[in-house]
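Now for the letters of each chain:
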Amino acid sequence: LVGLVQGLLYVFLIPPWWHNDEPGHFEFAWQIVHFDHWPQFGEFDEAMRRKVAASMMRFGYYDVINYQPDLASLTPVYIGVAPQTTNYPLYYLVASLPLRVLGKADFAVQDRAVRLMSLGMFLLTLWAAWKALGEVLPEGHPAQWMTVLFLALLPGFTDTVTSISDDAGA
């Protein structure tokens, strides 16, 4: 319960796109849904990037890095690091599921939906820690609940695994 509350705070209080490399991770999951082939390194959809950049501008992302993209120019729009193409795509395949359902929704809504999917992975991690500790500790040992509570309240861990990032899948 503590992990759920903590995770929901991180999902909804941190503005869309503000997690580390979140636009790039989102872009790869989006490409899996919208491309008719497996996305390759350096490949992107400029129209999608412009919409994401507009959403990023709306939430002040570019103000923090002191850069404002020119959405009217013909040059490619910068949305952060390159797409996160990888040989380990399981996280992105799972992350693409809410994007398949919310294909027409605003990109900020899609961002939060994928974050909620990552929150599910966070809760699964807490459950797995509980079960693993139950196997190695005597029944009712306080280290079991203390360790899981520590993980649920650890800010860096919670921030990372409630964002759009393959770290949540790891």
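Computed from a predicted model, the values in this text were never measured in an experiment. (Residues numbered from 1 in each chain as written. Predicted model: local features only at pLDDT ≥ 70, side-chain atom pairs only at ≥ 80, totals over all residues. Heavy atoms only, no water.)

Caption draft 1: How the structure looks around the nonpolar core. Membership of the largest hydrophobic core comes to 34 residues, with the highest contact counts inside it found for Phe26, Val52 and Tyr91. Only helix H2 (22–34), helix H3 (46–58), helix H4 (61–64), helix H5 (90–101), helix H6 (107–136) and helix H7 (142–153) provide two or more residues apiece to this core. For this core, the element with the most residues is H6, which contributes 9 residues. When residues no more than four places from it in sequence are discounted, the contact partners of Val52 are Trp17, Phe26, Ile79 and Phe107. (Core = buried A, V, L, I, M, F, W, Y, C linked by side-chain atoms within 4.5 Å. Buried < 20%, exposed > 50% of the residue type's maximum accessible area, 1.4 Å probe, protein only. Helix = DSSP H or I, 4+ residues; strand = E, 2+ residues; numbered from the N terminus. Contact = heavy atoms within 4.5 Å.)

Caption draft 2: Quick look at helix H1 (residues 2–13). With 12 residues, H1 extends 16 Å between its outermost C-alpha atoms, agreeing within 8% with the 16 Å of an ideal straight helix rising 1.5 Å per residue. Those residues of H1 that sit buried are Gly3, Gln6, Gly7, Tyr10 and Val11. Taken end-on, H1 shows its buried residues confined to a sector of 135°, consistent with a single buried face. Against the buried residues of H1 lie H6, H7 and helix H8 (155–161). (Expected span 1.5 Å × (residues − 1). Arc of directions from axis to C-beta.)

Caption draft 3: Spatial organisation of the layout of surface pockets. Approximately 180 Å³ is the volume attributed to the largest pocket. Put simply, the parts of the chain that give the lining of the largest pocket at least two residues each are H2, H3 and H6. Among the elements that line the lining of the largest pocket, the one with the most residues is H3, at 3 residues. Along the lines of polarity and charge, the residues of the lining of the largest pocket split into 5 nonpolar, 3 polar and 3 charged. (1 Å grid on protein atoms, 1.4 Å probe; cavity = no way out; pocket = protein on both sides within 12 Å on 5 of 7 lines; lining within 4 Å. Points joined across faces, edges and corners; volume = space filled by probe spheres on them. Nonpolar A, V, L, I, M, F, W, Y, C, P; charged D, E, K, R; others polar.)

Caption draft 4: Focus on unusual backbone geometry. Residue Asp21 is not a glycine yet carries a positive backbone phi of 60°. With a phi close to 55°, Asn66 is a non-glycine residue in the positive phi region. The topology assignment puts Asn66 in the loop between H4 and H5.

Caption draft 5: Up close: a nonpolar patch on the surface. Residues Leu1, Leu4, Val5, Leu8, Leu9, Phe12, Leu13 and Leu116 make up a contiguous nonpolar surface patch of about 760 Å² in total accessible area. Per-element accounting of the nonpolar patch gives the leading share, 6 residues, to H1. Inspection of the secondary structure puts Leu1 in the segment before H1. Residue classification places Leu1 among the exposed residues on the basis of a relative accessible area of 82%. (Patch = residues over 30% accessible without salt bridge, like charges linked within 9 Å, V, L, I, M, F, W, Y side chains within 5 Å. Areas by Shrake-Rupley, 256 points an atom, 1.4 Å probe, with all protein chains shown as cover. Salt bridge = Lys/Arg side-chain N within 4 Å of Asp/Glu carboxyl O.)

Caption draft 6: Summary view of the side chain of Glu22. If you trace the backbone, Glu22 turns up in helix H2. At 3.0 Å, the side chain of Glu22 forms a polar contact with the backbone nitrogen of Trp17. At 2.9 Å, the side chain of Glu22 forms a polar contact with the side chain of Arg115. (Polar contact = N/O pair within 3.5 Å; in protein donor to acceptor, adjacent residues only side chain to side chain.)

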